[in-house]
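# Analysis of the macromolecular model
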Amino acid sequence: FGVFNSNKNKIILDNQEVAPKGRRLTIIQWEHQLVSNKLLYRHDDPARCLDVTALAAYSDLRDAYAALFECLALRRSLPSLTGWDPEFLGIVRSVVSAFTQATAEIAEDEMLSKAQKQLMQIGFAVFDDAEYVTPFHPLVLSYYLYLAEQLLADKQQSQSFADLPRITKERLNPQGLMPYLYH
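Residues numbered from 1 in each chain as written. Predicted model: local features only at pLDDT ≥ 70, side-chain atom pairs only at ≥ 80, totals over all residues. Heavy atoms only, no water.

### Things to note about the pattern of salt bridges
- Evaluation of the coordinates by the stated rule reveals seven salt bridges.
- In this structure, D85 engages R75 in a salt bridge whose closest nitrogen and oxygen atoms are separated by 2.7 Å. Separated by 10 residues along the polypeptide, D85 in the loop between α2 (59–75) and α3 (86–104) and R75 in helix α2 bring together distant segments of the chain.
- Overall, R75 belongs to the buried group, its relative accessible area being 9%.
- Across the pair E149 and R93 runs a salt bridge whose closest N-O atoms are separated by 2.8 Å. (Salt bridge = Lys/Arg side-chain N within 4 Å of Asp/Glu carboxyl O. Helix = DSSP H or I, 4+ residues; strand = E, 2+ residues; numbered from the N terminus. Buried < 20%, exposed > 50% of the residue type's maximum accessible area, 1.4 Å probe, protein only.)

Shown next as structure tokens:
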């Protein structure tokens, strides 16, 4: 897995320093800000930000996200740089499971409570007045969890992912999910 050195704005990967430039550096810095501050929702107005402590009504989800942030802090890594080893897979599985359980408990045809509204903000961020879906969004985590599990299963059986063209592998990301969410 990669390590982000925020003092130098460099990524250490396979014992080599890589210096991301331009937009990539900005996004890595934003991601680092989310991890450093344990932010589940980030806004340009600091009063609107939500960290893991805001999930008091959802203790399982709060604990799962706290474990995720702790793991990333210990690795000095970011979701986009870390390896998906069994430990990380288990932590992400806990986050996805706890979020699914929390949303399943929301009654239909009722106004959302403050805690439920905060639940719906998880994984979004506003940077410079533009809204983004972050790597901490449960849907993004779920997508990568499923992909990692499929890759592990494939590695043990047919290894068909190894034969995919590079461009196909590069497109295995959650960007394509957004049109289906808003349909």
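### A closer look at the sheet that holds strand β7 (residues 130–133)
- Pairing is mixed across the open sheet formed by four strands, whose spatial order is β5-β4-β6-β7. The open sheet has two edge strands, β5 (50–51) and β7, and neither has a second partner.
- Across two bridges, strand β4 (residues 39–42) lies against strand β6 (residues 124–127) in parallel orientation. If you follow Y41 over to β6, its bridge partner there is F124. (Pairing = 2+ DSSP bridges.)

### Looking at the nonpolar core
- Counting residues in hydrophobic clusters, the biggest one holds 38 residues, and the most contacted among them are L61, Y65, L68, L119, I122 and F136.
- Those elements giving two or more residues to this core turn out to be α1 (22–36), β4, α2, α3, β6 and α5 (138–156).
- Per element, the largest residue contribution to this core is nine residues, and it comes from α3.
- Aside from chain neighbours lying at most four places away, what touches L68 is F88, I91, V92, V95, F136 and L141. (Core = buried A, V, L, I, M, F, W, Y, C linked by side-chain atoms within 4.5 Å. Contact = heavy atoms within 4.5 Å.)

### A closer look at the packing of α3 against α5
- Interaxial distance between α3 and α5 falls to 9 Å at its minimum, and their mutual angle equals 135°. Taken together, the axes of α3 and α5 are oblique relative to one another. By crossing handedness, the relation of α3 to α5 is classed as left-handed. Judged by residue contacts, L89, V92, R93, V95, V96 and F99 of α3 engage P138, L141, S142, L145, A148, E149 and L152 from α5.
- A class-by-class count of the residues in the contact of α3 with α5 yields 10 nonpolar, one polar and two charged. (Axes fitted to C-alpha atoms, helices over the stretch in contact; angles between N-to-C directions. Parallel < 35°, antiparallel > 145°, perpendicular 65-115°, else oblique. Left-handed = near helix turned anticlockwise from the far one by under 90°. Nonpolar A, V, L, I, M, F, W, Y, C, P; charged D, E, K, R; others polar.)

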